[in-house]
Amino acid sequence: MKGVILAGGTGTRLAPFTKVINKHLLPVGPHPMIYWSVKKLENAGINDILIITHDDHLDNFKKILGNGNDLGVNITYKIQPYAGGIAHGLLYAKEFIKKEKFIFMLGDNIFEDSLLPYVKNFINQDEGAKILLKNVEDPERYGIATVNKITNQITSIVEKPQNPLSNLCVTGIYMYDDEVFEYIDYLKTSDRGELEITDINNVYISKEKLSYEALRGWWIDAGTHNSLFIANQLVYKELNKLRTDDNE
């Protein structure tokens, strides 16, 4: 499988820093935020990675990550010409993916779990897509999945619901077959003027081709000042734990 990381967006929630730097290059622990997505993919055996970003930030990504050799991966880059939504950004991975299954991540997701077991399960899935969910305390901030407890299937995903029916947040970790690009071609822009990834996932739901698993460890969307601070705390706590274990 190949990996795709979306590192675009305007980063308005992290202003004023994002007026001069892409949010995915802000520090989380001793590394830029996007480093953690790259390493999660590499640790899951995914070495061929596409990073999608804006033209203004491309040179900075190349200076920091290069072609990925130092991280044990092969990184290529693609430009999303404007902030047209997550599904719009994914469209620029079509030539890179061709006819393969792949994993698609938002670069501001910082999490504890290894991706390896989830990737293996998706490889064994005949068709369709898989998303990773996480129980959260503030579901009104996220896309929220409702699951039929009898069939254990997702019945709907609602973006930032005022009256959420569950606490199962759709994290920015998605796995798709190549049919996703056909679905994007038929999408209509939302009221925000964007092509929404939630709409894509709901297409898979309508075809009964969307599976899910829930992350077991901590997860955070590091796209706000507060969540970026918490992400740093969690990463340093994890790194300190590893150092302690190594010294025992």
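Before reading further, recall that the structure is shown in the block above.
Quantities reported herein were computed from a predicted structural model and do not represent experimental measurements. (Residues numbered from 1 in each chain as written. Predicted model: local features only at pLDDT ≥ 70, side-chain atom pairs only at ≥ 80, totals over all residues. Heavy atoms only, no water.)

Q: Can you tell me about the overall build of the protein, naming the residues and giving the values?
A: Summing up its helical and strand segments, the protein has eight helices and 13 strands in all. Computed over its C-alpha atoms, the radius of gyration of the protein comes to 17 Å, within 12% of the 18 Å expected for a compact globule of 248 residues. With respect to the three principal axes, the spread of C-alpha positions in the protein is 45 × 40 × 35 Å. Each of the 248 residues in the protein was classed as buried or not, and the buried ones make up 54%. Accessible surface computed for the protein: about 12,500 Å², of which carbon and sulfur atoms make up 49%. Of the charged side chains in the protein, 27 are positive and 33 negative, and the gap between their average positions amounts to 1 Å. (Helix = DSSP H or I, 4+ residues; strand = E, 2+ residues; numbered from the N terminus. Rg over C-alpha atoms; globule rule 2.2 N^0.38 Å. Buried < 20%, exposed > 50% of the residue type's maximum accessible area, 1.4 Å probe, protein only. Areas by Shrake-Rupley, 256 points an atom, 1.4 Å probe, with all protein chains shown as cover. Lys, Arg positive; Asp, Glu negative; His and termini not counted. Charge placed at Lys NZ, Arg CZ, Asp CG, Glu CD.)

Q: So, helix α1 (residues 33-43): which residues are in play, and what are the values?
A: Burial analysis of α1 places nine of its eleven residues in the buried class, which makes it a mostly covered element. For α1, the full list of buried residues reads M33, I34, Y35, W36, S37, V38, K39, K40 and L41. Downstream of α1 by a residue or two, G45 has a phi angle that is positive, lying close to 85°.

Q: Tell me about the pattern of salt bridges, residues and numbers included.
A: Pairing is possible between side chains of opposite charge, provided their charged atoms come close. Summed over all chains, the structure comprises twelve salt bridges. For D108, the salt bridge goes to K23, with nearest N and O atoms at 2.8 Å. Taken together, the positions of D108 in the loop between β6 (102-106) and β7 (109-111) and K23 in the loop between β1 (2-6) and β2 (27-28) put the pair 85 residues apart, joining distant regions of the chain. We classify K23 as buried; its relative accessible area is 12%. Residue E95 pairs with K78 through a salt bridge whose shortest N-O separation is 4.0 Å. With E95 in helix α4 (residues 94-97) and K78 in strand β5 (residues 74-79), the pair connects residues that are 17 residues apart, well separated along the chain. (Salt bridge = Lys/Arg side-chain N within 4 Å of Asp/Glu carboxyl O.)

Q: Let's hear about the packing of aromatic side chains: which residues, and what values?
A: Evaluated as defined, the whole model comprises eight aromatic pairs. Ring centres of Y35 and W36 lie 5.0 Å apart, and the angle between their planes is 90°; this geometry places the pair in the edge-to-face category. Each member of the pair, Y35 as well as W36, carries the same accessibility label: buried. Plain terms: the ring middles of Y174 and Y176 are 6.0 Å apart, the flat faces sit at 15° to each other, and that makes the pair stacked. For the residue pair Y174 and Y176, the accessibility class agrees, reading buried in each case. When the ring centre of F96 is taken as reference, the NZ or CZ atom of K2 above it lies at 4.7 Å. The ring of F122 carries the charged tip of K101 above its face, separated from the ring centre by 4.7 Å. (Phe/Tyr/Trp six-rings, centres within 6.5 Å; stacked < 30°, edge-to-face > 60°. Lys NZ or Arg CZ within 6 Å of the ring centre and 35° of its normal.)

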